[in-house]
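Residues per chain, in single letters:
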Amino acid sequence: MKTHNLRTHRSDENLERTSQLAWAIAEVAADDVEVSDDVSEMVINRVIDNAAVAAASVTRAPVAAARAQALTHPVSVNGDGSTVFGREPSRRVSPEWAAWANGVAVRELDFHDTFLSAEYSHPGDNIPAMVAVGQHVGSTGRDVVRGIATGYEIQIDLVKAISLHKHKIDHVAHLGPSAAAGLGTMLHLDPEVIFQAIGQALHTTTATRQSRKGQISTWKAHAPAFAGKMAVESVDRAMRGQTSPEPIWEGEDGVIAWLLDGPEASYDVSLPERGEAKRAILDSYTKEHSAEYQAQAWIDLARKLHNEHPELLAPGAIRSVVIHTSHHTHFVIGSGANDPQKYDPSASRETLDHSIPYIFAVALQDGEWHHVRSYAPERASRPDTVELWKRITTEEDPEWTRRYHSLDPKEKAFGGRVTITLTDGSVITDEIAVADAHPLGARPFARANYIEKFRSLAEPVVTVDEIERFLDVAQRLPELEPHELADLTFTVEPGVLASVPTTKGLF
């Protein structure tokens, strides 16, 4: 890896294009290095993972709205169009709108992969744009895999180096550039074109974190889809010779100076050198449970405590629960956020999946976590749950914060220690470092787990034959010919989408 120092430059310094981070990223994207077999296999896993959570969300209102928007934008000229999850492959739409609709479907349930470091991310959000554009232009499966590998690499490298949430900037500001870079790889574009696309994508995808604060709205699912859509449009404009604000990160009025740490700040961003394989996808991890990633380990620990300590389940048995964890978990999804909505039984699903007190209470009582049952209004408002929920708080523990930010994958952790005080005065303590499904967890996810996740989430709406057909196509992704890429989608059973209410918009 090569480290690129990043700082603000005055306009009169005339920072050369080849010294800008956007150019360095463009060169990584344009490098025609082969994708290693283990990376290719993980790309397949994440394509299956995305489809699984998209199937589970296909009838939900935000997904239905995004799909309805996409279906009003038919195939654009200069290509074959792209498929939309749930609809038959013959129903094609313009690629940027397919990226939009499928991106919302993938993100809606907060149930796909993650990478956490200085910033946090869901790098699987790169995939919808790659597949949509690949279907439209007739890419091979190999090129789609290469594009996805680049998208993961760039987003994860940015996430390791630059914190956005510190400045209340939404994390998709790293996704716009990564998706643009991935598309550049897939389409074999020159560095100049990719450079311009990266600048445009970053410029149009910076937004505040209010989308993940307080009463969290349906926009949480739309934000990464918007970034993917902007990346597609940015690539289109750059291919037509249109230029972008530059230096986008380093400029006097650029991202570092006014959105991040200010004119005197500097960052070190490490990127692969020429000829070096793009392997960052192997550092990411998926979810076994439909909840914010920092909640994954706590669900597993609550499930363990449920099974090992039946005394915790007696009515009124618990006086207090204190979760000692990282700064990020405490302040983003814990009581440190100071969001009263995180303790509100009438809060939105999007809010509840960012409330570790709620999640720990339900998982402890039920000994499981389900993407529908665990968020049902009647479940959230159950009196004994509400009573326990309000007795759960979080505290930052410096050691767990240190481990959260560790660059050593064997030490990096997203859990913590829990102290449960019972009404009889006895105390139960336990701890967990990583989720069971994490590569270093009790039951790391392998191909069979991804396949089972797809089958279990798709079965309510997709026929068995269609499930097996999709799995066959997905597992052959690196060998797919252009005409086969349109099959990298799934169709739901007749009548499923017809029963989903939609509201008319402008389109």
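Residues numbered from 1 in each chain as written. Predicted model: local features only at pLDDT ≥ 70, side-chain atom pairs only at ≥ 80, totals over all residues. Heavy atoms only, no water.

**Q** What am I meant to see in unusual backbone geometry here?
**A** Excluding glycine, a negative phi dihedral is what most residues carry, and trans is how most peptide bonds are arranged. Look at the link from E246 to P247: it is a cis peptide, with omega at -5°. Of note, P247 is situated in the loop between α9 (219–239) and α10 (255–258). Residues other than glycine seldom take positive phi values, yet N14 does so here, at roughly 50°. Under the relative-accessibility criterion, N14 is labelled exposed at 60%. Non-glycine residue K168 carries a positive phi angle of around 60°. As for its position among the elements, K168 is in the loop between α6 (141–161) and α7 (175–186). (Helix = DSSP H or I, 4+ residues; strand = E, 2+ residues; numbered from the N terminus. Buried < 20%, exposed > 50% of the residue type's maximum accessible area, 1.4 Å probe, protein only.)

**Q** I'm lost on the nonpolar core in this one. Help?
**A** One recurring pattern in soluble globular proteins: nonpolar side chains tend to sit buried together. Ranked by size, the top nonpolar core spans 155 residues in total, and within it W249, F360 and F454 carry the most contacts. No other element matches helix α2 (residues 37–57), which puts 12 residues into this core. With sequence-adjacent residues up to four places away left out, F454 is seen in contact with I48, A51, A52, I467, F470, L471 and F490. (Core = buried A, V, L, I, M, F, W, Y, C linked by side-chain atoms within 4.5 Å. Contact = heavy atoms within 4.5 Å.)

**Q** Can you walk me through empty space enclosed by the protein in this structure?
**A** Where empty space is left in the structure can be found by rolling a water-sized probe over the atoms. Per the counting criterion, the structure on display carries 6 cavities of 30 Å³ or more. By volume, the largest cavity is sized at about 130 Å³. Lining the largest cavity are 13 residues, and of these F85, I127, P128, V131 and L488 lie nearest its centre. Elements that contribute at least two residues to the lining of the largest cavity include exactly α2, α4 (95–107) and α5 (127–137). (1 Å grid on protein atoms, 1.4 Å probe; cavity = no way out; pocket = protein on both sides within 12 Å on 5 of 7 lines; lining within 4 Å. Points joined across faces, edges and corners; volume = space filled by probe spheres on them.)

**Q** Got a minute to help me understand the sheet that holds strand β6 (residues 392–396) in this structure?
**A** Strands belonging to one sheet form pairs held by backbone hydrogen bonds; the direction of such a pair is parallel or antiparallel. Taken in spatial order, the 4 strands of this open sheet run β6-β5-β7-β8, and their pairing is mixed. With one partner strand each, in any of the chains shown, β6 and β8 (427–432) form the two edges of the open sheet. Each neighbouring strand pair of the sheet contributes to a mean axis angle of 20°, computed without reference to strand direction. Here helix α17 (residues 398–405) sits on the sheet in contact with β5 (318–325), β6, β7 (416–422) and β8, set at roughly 45° to β5. (Pairing = 2+ DSSP bridges. Axes fitted to C-alpha atoms, helices over the stretch in contact; angles between N-to-C directions.)

**Q** Is there a simple way to explain the pattern of salt bridges in this structure?
**A** Going through the model one piece at a time under the given rule, you end up with 46 salt bridges. Between D31 and R274 there is a salt bridge, with its nearest N and O atoms 4.0 Å apart. Here the residue D31 occupies a position in the loop between α1 (21–30) and α2, and R274 occupies one in the loop between β4 (266–271) and α11 (296–308), the gap between them amounting to 243 residues. A relative accessible area of 9% places D31 in the buried class. Looking at R274, the relative accessible area reads 66%, which means it is exposed. (Salt bridge = Lys/Arg side-chain N within 4 Å of Asp/Glu carboxyl O.)

**Q** Would you take a moment to explain helix α19 (residues 464–475) for this structure?
**A** Every α-helical turn comprises 3.6 residues, leaving residues that sit three or four positions apart pointing alike. Across its 12 residues, α19 extends 17 Å between first and last C-alpha, which sits within 8% of the 16 Å expected from 1.5 Å per residue. Among all positions in α19, only E466, I467, F470, L471, V473 and A474 are buried. Buried positions in α19, seen along its axis, are confined to an arc of 165° and lie on one side of it. Turned more than 90 degrees away from the buried face of α19, the exposed residues are V464 and D465. Each element contacted by the buried residues of α19 is listed here: α2 and α18 (447–458). (Expected span 1.5 Å × (residues − 1). Arc of directions from axis to C-beta.)

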